[in-house]
Structures are given as structure tokens and as C-alpha cells.
Amino acid sequence: MKNLGLNLILAVAIVLGFLGVSSLYVVTEGQVGIVTRFGKVIRGADAKLDIKQPGLHFKVPLIDKVKILDARIQTIDQSANRFVTSEKKDVIIDSYVKWQIEDAATYYLTTAGGNKMQAEDLLSRKINNSLRSQIGRLTIQEIVSGKNSDRAEDEFDSQSSGDEGGLSNKRDEVMQNALRDIGSSAKDLGVRIVDVRIKQINLPPEVSNSIYQRMRAERDAVAKLHRSQGRKDAEAIRAQADREVTVKIAEAEKAARTLRGDGDAEAVKIYADTYQRNPELFEFLRSMDAYKKSMTTGKDVMVLKPDSDFFRFFGSWDGSKVSKPKSGRTE
């Protein structure tokens, strides 16, 4: 009888301990809890859902159940989808979305009891619709480069000069518009969209070749423009160099002729002064110079008269008496 009483007390203690432990639950940091009783959500005095914040809480054992919701920032890594640009061409875009539970009560009611898969499925549809609308306003070039297509030429000049701040990033603008559109509609689910980003942009195989050809044609056009400008500048430089060479040669020839004329004038003046000082010596030297120039080879033949002035100094050093050669031929 005594043993039966001890066993009963032990059983009651165990049951009470189990009930005590079952009545306690902990909501950790970054989570919120919602308590349901017999499948219905417990509401507060104001008829709103009783959302449990992080901490230690009590519940009715075996009757109440706790639904823990992750209130941290979540990531939806979407699979790549096809989008149509303003040029009616397809692009394959891989994007991701950061979202977070903002209103746990609304989130719980709109997602069938906080079903995360259903919430992400609803968000993915909203995101795809918004991105499809935004991407449809841009060309492929604007999506890939992030720059305005009507400023393709300015892009090259700005990069050359180091000025890139003036160009608007169309891709970021699209993401901001999508973030705004999705954010307003996501409030109906009780969530907040933190960020929307594009991870990768690919072109379908049927579009890649035409895009590459177009890009090559645009780059070739820019290259031809710069080559033609370079040839134009080169011709201008050559023409200027030829002009400077011609001017310098003409100036040098002018200076040379001036110096030559001054030298000839000075030589004539010297000859004249010398002649005036001693005419006989001057005539003698001139004659000797003429003899030297005309009889250099020893085989020269001159046909002159015997009494020619050319032979003045043959007979006399002062040219006063001309010797008559035996014949008119002198070798």
C-alpha cells in the first residue's frame, strides 16, 4: 500500500513536470511566434493576432501550438527567365530578391499559416510581372551596358576623359522602379522588399549573333571615325612640315645668295684696290693664273695670233715686249 502511494506521487510529479515543461517555449532572436488553439489563432483584446516577440513565453500544454516565423532577411534566388525588350528581342535574366517579414499577422493570414514556399511563390510572380514591365521599356544595349543607348558616342568620349558620372545607369533605374512597384504590392502579404538585383544577363543563341554583329558594326564605325580623323590630322601635320621646310630652304638660299653676293662684292673691291696699288703686278698674276688654267694637262691646243696679249709675259716679265713664236700653233 505504501509502495502504491509512492508510485502515485512519482507519477503525478512526472506529469506535472511534463506539463510545466510543455507550457514553456522560447522565441529566439530573429523570429516571431504565433500561438494557435484548436487550429484557431489566439487574438488579443483588440482582436488582433497575438504576436510573440523573442523571449520566454507560456502556453496551455497539449492544447496550444506555436508557429515560429523567421523574421530575418530572406533571399529568393529565382531561376533565369526570358524577358522581351523594347526591340522585341528576348533576353535571359537571372535575378534575386531580398525580403523580410514586416507584419507577421498579415503574413500569417495571407500565406496559409506562414507557408514560406507559398509566400515566395507569390512574391516571385509579382517580381516577374514588375521586371517584365520595366525590361520592356529598355533596349538590349541599355540593359547590358546600363547606359542610355542614345548616348553611345558620348560614352566613349566620357571614358576617355574620365567623366562617367554624367551617364545615368538605366539598369539601376529599372531595379529601383521594380523595387518600388514590388514593395507596394508586397505589403499586402505583410512583407518588406529589401532589394532587387540582376545577377546575370544572357542572350538567347538566336539573338547573340545579331547583337554581336551590331556591336561590332558600331565599334567599327567609331574606329573608322577616329582613323579618318587621324589621317586628316596627319595630312595637316605633313603639309605644315613641308611648308616649314620650303620656307626654311628658301630663307637659307636667300641668305646664301646674299652672303655670296657680299663675298663677290668684297672680292671685286679687293681686286680693285689691289689693281690700283700695282696694276702691273695684278696683270702679271692674272696672266699667270690664265696660263695655269689653260695649260694644266700639257696637251692643250690654242689657236691665237702671235702678237696676242695672251703672250705678253712670255717674252718679258713686265709684258713690255712680246716674243714672236715661230708658228701660230702653240702646244
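Residues numbered from 1 in each chain as written. Predicted model: local features only at pLDDT ≥ 70, side-chain atom pairs only at ≥ 80, totals over all residues. Heavy atoms only, no water.

### What about a nonpolar patch on the surface?
Formally: Surface patches are defined over residues having more than 30% relative accessible area and no salt bridge, joining like charges when they lie within 9 Å and nonpolar side chains (Val, Leu, Ile, Met, Phe, Trp, Tyr) when within 5 Å. We get accessible surface area from the Shrake-Rupley algorithm with a probe of 1.4 Å; when it comes to residues, only the shown protein chains can shield them. Each reported salt bridge corresponds to a side-chain nitrogen of Lys or Arg within 4 Å of a carboxyl oxygen of Asp or Glu. Helix and strand assignments follow DSSP, with helices taken as H or I runs no shorter than four residues and strands as E runs no shorter than two, numbered in order from the N terminus.
Taken together, the side chains of Leu-24, Val-26, Leu-56 and Phe-58 present a nonpolar region at the surface, about 420 Å² in accessible area. Looking at the nonpolar patch, the elements with two or more residues in it are β1 (24-27) and β5 (55-58). Its place among the elements puts Leu-56 in strand β5.

### A closer look at helix α6 (residues 170-186)
Put simply, the rule reads: Here, expected helix span is obtained from the residue count minus one, scaled by 1.5 Å. Relative accessibility thresholds used throughout: buried, under 20% of the residue-type maximum; exposed, over 50%; partly exposed, between the two (1.4 Å probe, protein chains only).
Its 17 residues place the ends of α6 24 Å apart at the C-alpha level, agreeing with the 24 Å of an ideal helix rising 1.5 Å per residue. Of all the positions in α6, only Lys-170, Val-174, Met-175, Asn-177, Ala-178, Leu-179, Ile-182, Gly-183 and Ala-186 are classed as buried.

### Some remarks on the pattern of salt bridges
Considering all chains together, one arrives at 10 salt bridges under this definition. The partner of Lys-199 in a salt bridge is Asp-77, and the shortest N-O contact between them spans 2.7 Å. With a gap of 122 residues between them, Lys-199 in strand β10 (residues 191-202) and Asp-77 in strand β7 (residues 74-77) connect regions that are remote in the sequence. Residue class for Asp-77 comes out exposed when judged on its relative accessible area of 53%. Here Asp-121 makes a salt bridge to Arg-125, at a shortest N to O gap of 3.0 Å. Separated by 4 residues within a single helix, Asp-121 and Arg-125 lie in helix α3 (residues 116-135), roughly one turn from each other. Note on Asp-121: relative accessible area 37%, which makes it partly exposed. Via salt bridges that share partners, Asp-77, Asp-94 and Lys-199 belong to a single interconnected network.

### A closer look at the nonpolar core
A general feature of soluble globular proteins is that nonpolar side chains tend to end up buried together. The test is simple: In these notes, a set of buried Ala, Val, Leu, Ile, Met, Phe, Trp, Tyr and Cys residues joined through side-chain atoms within 4.5 Å is what counts as a nonpolar core.
Grouped together as the largest cluster of nonpolar side chains are 36 residues, with contacts concentrated most on Trp-99, Leu-123 and Ile-193. Mapped onto this core, the elements with two or more residues apiece are β2 (31-37), β9 (90-101), α2 (104-110), α3, α4 (140-145), α6 and β10. Among the elements that line this core, the one with the most residues is α6, at 6 residues.

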